Amino acid sequence: MTDADNPGSLSGAEHRQIAQALGDALPYIQRFRHLTMVVKLGGAALDSDEALNFLARDLAVLHLVGMRPVVVHGGGKSVGALSQRLGLEPRFRDGLRITDSETMEVVEMVLAGSLNKRIAGCINQFGGSAVGISGVDGSLLRARRLSEELGQVGEVASVRTGLIEDLCRDGHIPVIAPVARTDDGAACNINADEVAASLAAALGAGKLFLVSNVDGVLDAEGALVSQLDAEGTRTLIEEGAIAGGMLPKVRCALKALDAGVEAVHILNGLHEHAVLLELLTHRGIGTLITRSGRGQP
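Residues numbered from 1 in each chain as written. Predicted model: local features only at pLDDT ≥ 70, side-chain atom pairs only at ≥ 80, totals over all residues. Heavy atoms only, no water.

Asker: Which residues make up the environment of E149, and what are the values?
Answerer: Secondary-structure assignment places E149 in the loop between strand 6 (141-145) and strand 7 (153-159). Other than its neighbours up to four places away in sequence, E149 contacts R93 and I98. (Helix = DSSP H or I, 4+ residues; strand = E, 2+ residues; numbered from the N terminus. Contact = heavy atoms within 4.5 Å.)

See the structure below:
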């Protein structure tokens, strides 16, 4: 029997700490009950079994207390690893994977196959009821190719939310791979951040979480910026204070806010229980970006 199985093995101080944490979380659970939230998982958070277990447990907890998480995942590192094993050298242009027909087969095998089912299975292990799908299923996403040079790389052209709404209404957590088809039936690989933002807008989600292996937006001294509003975020972009890999995430956040999402959270999924700490505590652990300067909606 472990300490978790035997509450009597905990000290009085540990009991009080647990009770205090649950009590502090209660107002947030009440506020966000029945709220639809899109959670994008990516980066090194998907490469670590330990990190994925914590994220899966967090999602199961949110679901079991009455919230409606919808998961979108990336997986570029896994795609690259399998491509190399198959003798396909990964190629990139402007940060986007050049995706020929052979590479697209690998993308579908990994994103819509093994990785998608691994994430769904992990959530189910902790008491959730996750269903792994891709943007192809139920014509959830329709893609539009970005350019001939990038091959089968697309952007979101349209969203049909019926399948997701049915799954959520029936008590499931959709886990969505960012693969879709064009009007002429060609498969396309789409950036997972863009898919998450488009789905959050189409679903009328209250929140969008962008979970990767970065703590959030950092200031000039490298300290975490806990909260921003849309106007302040645009100012930081214009001043060049937000750059590199964080820039596309922040632009994705602004796109979601402009489309009606109330708040976007950027956080590091390598921290234990990152989603619970960000959502159910006053300070959070990442960067919260809201449409106005008010606190967490």
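Asker: Describe unusual backbone geometry, listing the residues and the values that go with them.
Answerer: A positive phi angle, near 75°, is found at H34, a position not held by glycine. Checked against the element boundaries, H34 lands in the loop between helix 1 (12-32) and strand 1 (36-41). The class for H34 is exposed, based on a relative accessible area of 54%. Positive phi values are uncommon outside glycine, yet H273 reaches one of about 55°. Among the structural elements, H273 can be located in the loop between strand 13 (263-268) and helix 9 (274-280). Assessed through its relative accessible area of 26%, H273 is described here as partly exposed. (Buried < 20%, exposed > 50% of the residue type's maximum accessible area, 1.4 Å probe, protein only.)

Asker: Could you give an account of the side chain of K249, naming the residues involved and the relevant values?
Answerer: By the element assignment, K249 lies in helix 8 (residues 246-258). Residue contacts for K249: discarding those within four places in its chain leaves K40, D193, L210 and S212.

Asker: Describe the packing of helix 7 (residues 230-238) against helix 8, and please don't skip the residues or the numbers.
Answerer: For the pair helix 7 and helix 8, the least separation of the axes is 11 Å and the interaxial angle reads 150°. In terms of axis orientation, helix 7 runs roughly antiparallel to helix 8. Seen along the crossing, helix 7 lies across helix 8 with a hand that is left-handed. Where helix 7 approaches helix 8, its residues A230, T233, R234 and I237 are matched on the opposing element by L247, V250, R251, L254, L257 and D258. Classifying every residue of the contact of helix 7 with helix 8 by side-chain character gives 6 nonpolar, 1 polar and 3 charged. (Axes fitted to C-alpha atoms, helices over the stretch in contact; angles between N-to-C directions. Parallel < 35°, antiparallel > 145°, perpendicular 65-115°, else oblique. Left-handed = near helix turned anticlockwise from the far one by under 90°. Nonpolar A, V, L, I, M, F, W, Y, C, P; charged D, E, K, R; others polar.)

Asker: Just give me the short version of the pattern of salt bridges, but keep the residues and values in it.
Answerer: Counted according to the given criterion, the structure contains 12 salt bridges. A salt bridge links K249 to D193, with the nearest nitrogen and oxygen atoms 3.2 Å apart. Remark: D193 occurs in helix 6 (residues 192-203) and K249 occurs in helix 8; sequence separation between them is 56 residues. Like K249, the residue D193 is buried in the burial classification. Salt bridges linked by common partners bring K40, D193 and K249 together as one network. (Salt bridge = Lys/Arg side-chain N within 4 Å of Asp/Glu carboxyl O.)

Asker: Can you lay out the state of the cysteines for me, pointing to particular residues and giving the numbers?
Answerer: Cysteine pairs can be linked by a disulfide, which is a covalent bond between their two sulfur atoms. Taken as a whole and assessed by the stated rule, the structure comprises 0 disulfides. For C188, which is in no disulfide, the shortest distance to another cysteine sulfur is to C252 and amounts to 18 Å. Overall, the relative accessible area of 0% leaves C188 in the buried class. (Disulfide = S-S within 2.5 Å.)

Asker: An account of the packing of helix 6 against helix 8 is requested, with residue identities and associated values reported.
Answerer: At a closest axis distance of 9 Å, the pairing of helix 6 and helix 8 adopts a crossing angle of 15°. Relative to helix 8, the element helix 6 lies roughly parallel. The handedness of the crossing between helix 6 and helix 8 is right-handed. For the pair helix 6 and helix 8, contact is made by D193, E194, A197 and S198 and by K249, C252, K255 and A256, respectively. Split into classes, the residues belonging to the contact of helix 6 with helix 8 amount to 3 nonpolar, 1 polar and 4 charged.

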